[in-house]
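What follows is each chain in one-letter form.
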Amino acid sequence: MSRSVGVVLPAYRPDMDQLGTYIAAIDDALAPQTIVVELDAPRDGVPVQLRSLPIEVHTVPYRRGKGAAITAGFERLETDVLAFVDADGSTPVNSLERILDPVIDSRTDLAVGSRRHPDATVATHQTFARRFLGDGFAWLAGQLLDARLYDYQCGAKAIDVPAWEGVRDHLYEPGFAWDVELIAIAAALDLRIEEVPIEWEDKPGSTVSPIRTSIDLLEALLTARHRSKQLRDDRLHTALAEHFDEPTALIEKDR
């Protein structure tokens, strides 16, 4: 690889065998400069188990959320390209490589993995309820945000450092809606965004409640739209912002 790559895996109560196999595959196939596991609320003995792997491990004794963990990991990296994948291995390594390629080659600023792209290959599907809610959310996000994509929530994305330096001050969402906020802010800043179809396999054992998460995502989507409109100096959203306290960006919080 002509540009150095760092990969972050946010993890909460991961399947250790699955995680170890996935990390080994990433290391063997891509040889990134750094692999970071951001581990929330680990069970006893888990950090010790990870020491044998070619990674950096950073732990906190509580659950920060996916967005906060990825942000912390990106801030630790000293590479040209920053990427993250979900720790369950649902995005195969060859798909991660395809996501990295356009960023490494400077063809785009942000590459977004996509399970819903017409050219994507889905080995095993989510439940009907999750697909229905996910499709509805993707449609709504396309109506409200400047970026029109098939999939905003796929757990695999890559961004180059100048683009990250542009968006990092505007990210506030600590949980699963971080992906949406990242895309919304990148689009508001007129960064180049490329959607990359991937192979994907749904993994059982999700810690996410589909109904609760859908409500949270809807709220976060409206907030992301509001913040992106502010960045574009929209008069209405700028005026609305004057009536609310400014939240603390993730990079300013204790990680």
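Residues numbered from 1 in each chain as written. Predicted model: local features only at pLDDT ≥ 70, side-chain atom pairs only at ≥ 80, totals over all residues. Heavy atoms only, no water.

The chain goes by Glycosyl transferase family 2 in an unreviewed UniProt entry, where it is assigned to Haloarcula quadrata.

A. Molecular detail of unusual backbone geometry. The backbone phi angle of Ala41 is positive, close to 45°, even though this residue is not glycine. Following the sequence through the fold, Ala41 ends up in the loop between β2 (34–40) and α2 (46–50). Phi angles above zero are rare outside glycine, and Asp190 is one such case at about 60°. In this fold, Asp190 is placed in the loop between α7 (178–188) and β8 (193–197). (Helix = DSSP H or I, 4+ residues; strand = E, 2+ residues; numbered from the N terminus.)

B. Representation of α7. Extensive coverage of α7 is indicated by the burial of eleven of its eleven residues. Those residues of α7 that sit buried are Trp178, Asp179, Val180, Glu181, Leu182, Ile183, Ala184, Ile185, Ala186, Ala187 and Ala188. (Buried < 20%, exposed > 50% of the residue type's maximum accessible area, 1.4 Å probe, protein only.)

C. Structural context of the nonpolar core. Ranked by internal contacts, the top residues of the largest apolar core, which has 36 residues, are Phe74, Tyr152, Ile159, Trp164, Val167, Leu171 and Trp178. Residue assignment for this core shows that the elements contributing at least two residues are α3 (66–76), β4 (81–85), β5 (110–114), α5 (128–144), α6 (161–167), α7 and α8 (210–231). The element contributing the most residues to this core is α7, with eight residues. Leave out the neighbours within four places in its chain, and Tyr152 touches Phe137, Ala138, Ala141, Gly142, Leu145, Ala147, Lys157, Asp179, Val180 and Ile183. If you look at the next biggest cluster of nonpolar residues, it comprises 34 residues, including Val5, Leu50, Leu96 and Val103. (Core = buried A, V, L, I, M, F, W, Y, C linked by side-chain atoms within 4.5 Å. Contact = heavy atoms within 4.5 Å.)

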